[in-house]
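# Summary of the model geometry
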There are 2 protein chains.
Amino acid sequence: MEARHLRYALAVAEHQHFGRAAAALGIAQPPLSRQIADLEREVGERLFDRTPGGVFPTAAGAAFLAPARRALCEMSAAAVEAGRAARGETGRLRVGFIGSALLRFLPSVLAPFRRDHPDVRLELREMSTARSAAALTRGELDLAVGRGAPRGAGAEELVTVTVGRDHLVTVVGTGHPYAGLKTVSLAQLGRQHLIVTPADDEPAVRAGLRALLEDNTLALDTATEARDVHTIIGLAACGVGAGLGPSCMRAAGRPDTWFCDVTPRTPLPDLVLSHRRDDRSPVLAAFLEETRRSATTRARPGRARGAAVSRSDAAR
Amino acid sequence: MEARHLRYALAVAEHQHFGRAAAALGIAQPPLSRQIADLEREVGERLFDRTPGGVFPTAAGAAFLAPARRALCEMSAAAVEAGRAARGETGRLRVGFIGSALLRFLPSVLAPFRRDHPDVRLELREMSTARSAAALTRGELDLAVGRGAPRGAGAEELVTVTVGRDHLVTVVGTGHPYAGLKTVSLAQLGRQHLIVTPADDEPAVRAGLRALLEDNTLALDTATEARDVHTIIGLAACGVGAGLGPSCMRAAGRPDTWFCDVTPRTPLPDLVLSHRRDDRSPVLAAFLEETRRSATTRARPGRARGAAVSRSDAAR
DNA sequence: GGTCGCTCATACCTGTGAGGTATCGCGGGC
DNA sequence: GCCCGCGATACCTCACAGGTATGAGCGACC
């Protein structure tokens, strides 16, 4: 049985007349008669009653036509869905991201992406840079948002794009001696109890900090660790010590906290997107395109900081 | 796009290999490659990634395959449903019946029919013989169970089958003078206040009664009318008078009622099935077949009364 | 009641295209 | 570098979808 048979049967049912159905199908009447006869032979039942008053479906014909209609619907739906999937309008995007990406990058990208791709299922999971990179190479994620390009096993299969730059800031509670200062020096920081992100989670960030505080590794080794920027800020607000984090962390500021730039101005590893090099997912491509677009529209009106996007490979 | 393309695409997806898919389809590999290429051209998207490690659906391909599978399912379902409908296993049967058919005929036929045709939607509506015949010719019913073959406009388009015979009995309350009698005569009945079925509802029954009581038409003209056997019995129990009805009415007897045969033994119009002569519905045919079968199985062990089935035309 | 007209079925022809065979191009692995 | 496996390409062939001509059945109508 071919789709042709279904189309012909539906045309006959619609027009109740072989001649007119054939005309509507753009073929002659005899071939239509024969195709219907072939179909009836294959199904094993007469599907139409040919009466002088017109052609009407038998009980078997009526029962045949409903699923036949659905089958043709599904066939055209297949073509439509293939096109939509190819354009990235449907599908799924599994994104792993660090919490600080929620402060500036994701807000600027997610809203327009959702607007332009409402039928894409976004699966967003907050996780550390290290975990998202591993999940990416295992195929459990399609996109990772983290700080610093992934290194280590499988990293050469990934491609990274920088989507944000931040420098180091410190956050303290309003009762802390630094509260009210515009800047604090590295030397001052080295004498504080620090609150930092765990080494396992953010190797690039920790390596950078270790290099900065080379004379005060003790400060880092005895530091309090917190996985989330909000936790770092909250602990600082409690007076636990001086939190260290990216400058975008200011967006999560609370009335009982104070932020100081660190001098000298100290860039942190870039906020980067990573995805598998061989990933041809149109949804991923659409998301990256949206990232580029939102970067340029943000860059034009004013400062390019945090909006610079440059493509590079993680392999080395 | 033809069903062939869907089958081929599904085979390629399943085997992840053009050669093996072609073998499974019973064709050579080159035609399969070409059909897939044709399909991709028609859809406008590449559906499969041909890699050295195997053939895998692209995002568009994956989106295509799901509805394609459903389309093929619907196609085979169409053939199956046509067969089931042709065998009367699915469909609808709208039956109009007089209340007394619930006493003997319908109980013997409906249970086995439902058991053998569980997916047929039975629409059962209690109505008078006159109304069911009219609804039948208007196409609002498929089958009518009534007393006496339909006459009048449209009756020649109907076919009737006798499914039950009854003779006249009378029912009285236990306080009535006839209570305890085995039989009462027509003459005795003519002196009673009667409870009978309305003339509009059951013309054949009323005509028969009128002929019987020719000397006592007054008794009929002043009779109480009740549409339903249960109402006739109930009114008789209340002492309103002597109810007249078919012998199968005994099956609805109550402790406060008494039934007497009428002498001489007086046959009532047959209980008949009617259906449109041009109705080719397999469900109807299956129901009639079930009727015949249950009649013969009931006839064998004992009395054939009420089970005799004879086919005849209502036209005259 | 014979004829006409309408409609679907049948007979037969034709051209397209599905499927066959042979072969090429291209990676990957030894 | 060579071989092997796999999909693509080239070309052929025949089945079958579709075309034309005509037949068969059945109302309608004069």
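One can find the structure itself at the top, above this paragraph.
Everything numeric in this text was worked out from a predicted model, so none of it was measured.

Turning our attention to the protein's contact with DNA strand C. Close to DNA strand C lie 19 residues, the nearest being Ser33(A), Arg50(A), Tyr8(B), Ala28(B) and Arg34(B). In DNA strand C, atoms within 4 Å of the protein come from the sugar-phosphate backbone in 63% of cases. A distance of 2.8 Å separates a phosphate oxygen of DNA strand C from a polar side-chain atom of Ser33(A). Between DNA strand C and Gln35(B) there is a distance of 3.1 Å, counted from a phosphate oxygen to a side-chain nitrogen or oxygen. Elements with a minimum of two residues in the surface near DNA strand C: α2 (18-25) and α3 (29-43) of chain A together with α1 (3-15) and α3 (29-43) of chain B.

What follows is about the sheet that holds strand β11 (residues 242-246) of chain A. Pairing between the strands of a sheet comes from backbone hydrogen bonds, and it takes one of two forms, parallel or antiparallel. Residue and element names in this part refer to chain A. Taken in spatial order, the six strands make up an open sheet running β8-β12-β7-β11-β9-β10, and their pairing is mixed. Edge positions in the open sheet fall to β8 (183-185) and β10 (224-225), since each of these has one partner strand only. Bridge count between strand β9 (residues 194-196) and β11: two bridges; the pairing is parallel. Bridge assignment links Leu194 to a residue of β11, and that residue is Ala242. Packed onto the sheet, helix α10 (residues 229-237) meets β7 (168-173), β9, β10, β11 and β12 (257-263) and runs at close to 45° relative to β7.

Contacts to DNA strand D come from 18 residues, most closely from Tyr8(A), Ala28(A), Pro30(B), Ser33(B) and Arg50(B). Near-protein atoms of DNA strand D (within 4 Å) split between backbone and bases, with sugar and phosphate holding 61%. Within the side chain of Arg34(A), one N or O atom sits 3.1 Å away from a base nitrogen of DNA strand D. The separation between a phosphate oxygen of DNA strand D and a polar side-chain atom of Gln35(A) is 3.3 Å. Of all elements in the fold, only α1 (3-15) and α3 of chain A together with α2 (18-25) and α3 of chain B reach the threshold of two or more residues within the surface near DNA strand D. The leading source of residues in the surface near DNA strand D is α3(A), at four residues.

The next thing to look at is the interface of chain B and chain A. Residue-level contacts link 28 residues of chain B with 28 residues of chain A. Buried surface at the junction of chain B and chain A, both sides included, amounts to about 2,200 Å², of which 69% is carbon and sulfur. For the chain B face of the interface with chain A, the top three residues by lost area are Glu2(B), Glu74(B) and Met75(B), together amounting to 23%. Viewed at the interface, chain A and chain B are joined by four salt bridges. For the salt bridge of Arg70(A) with Glu74(B), the shortest nitrogen-to-oxygen distance reads 3.1 Å. On the surface where chain B and chain A come into contact, there are nine residue pairs in polar contact (both at pLDDT 80 or more).

Core analysis: the biggest nonpolar cluster contains 55 residues, and Phe64(A) and Phe64(B) have the highest contact counts within it. Looking at this core, the elements with two or more residues in it are α1, α2, α3 and α4 (59-86) of chain A together with α1, α2, α3 and α4 (59-86) of chain B.

Turning to helix α8 (residues 203-212) of chain B, a few remarks are in order. Listing the buried residues of α8(B) in full gives Val205(B), Arg206(B) and Leu209(B). The buried residues of α8(B) occupy an angular sector of 95° when the element is viewed end-on, so they sit on one face.

Let us look at the sheet that holds strand β8 (residues 183-185) of chain B. All names here are of chain B. If you walk across this open sheet you meet the six strands as β8-β12-β7-β11-β9-β10, and the pairing is mixed. Each edge of the open sheet is held by one strand with a lone partner, namely β8 and β10 (224-225). Summarising the sheet, strand β7 (residues 168-173) and strand β12 (residues 257-263) pair through five bridges and their orientation is antiparallel. Among the inter-strand pairings, Val171 is bridged to a residue of β12, identified as Phe259. Across the sheet, helix α10 (residues 229-237) touches β7, β9 (194-196), β10, β11 (242-246) and β12, and the angle it forms with β7 is around 45°.

Quick notes on the rules
- Residues numbered from 1 in each chain as written.
- Chains lettered and ligands numbered in written order.
- Predicted model: local features only at pLDDT ≥ 70, side-chain atom pairs only at ≥ 80, totals over all residues.
- Heavy atoms only, no water.
- Near = heavy atom within 4 Å.
- Polar contact = N/O pair within 3.5 Å; in protein donor to acceptor, adjacent residues only side chain to side chain.
- Helix = DSSP H or I, 4+ residues; strand = E, 2+ residues; numbered from the N terminus.
- Pairing = 2+ DSSP bridges.
- Contact = heavy atoms within 4.5 Å.
- Axes fitted to C-alpha atoms, helices over the stretch in contact; angles between N-to-C directions.
- Buried area = accessible area lost by both parts, 1.4 Å probe.
- Salt bridge = Lys/Arg side-chain N within 4 Å of Asp/Glu carboxyl O.
- Core = buried A, V, L, I, M, F, W, Y, C linked by side-chain atoms within 4.5 Å.
- Buried < 20%, exposed > 50% of the residue type's maximum accessible area, 1.4 Å probe, protein only.
- Arc of directions from axis to C-beta.

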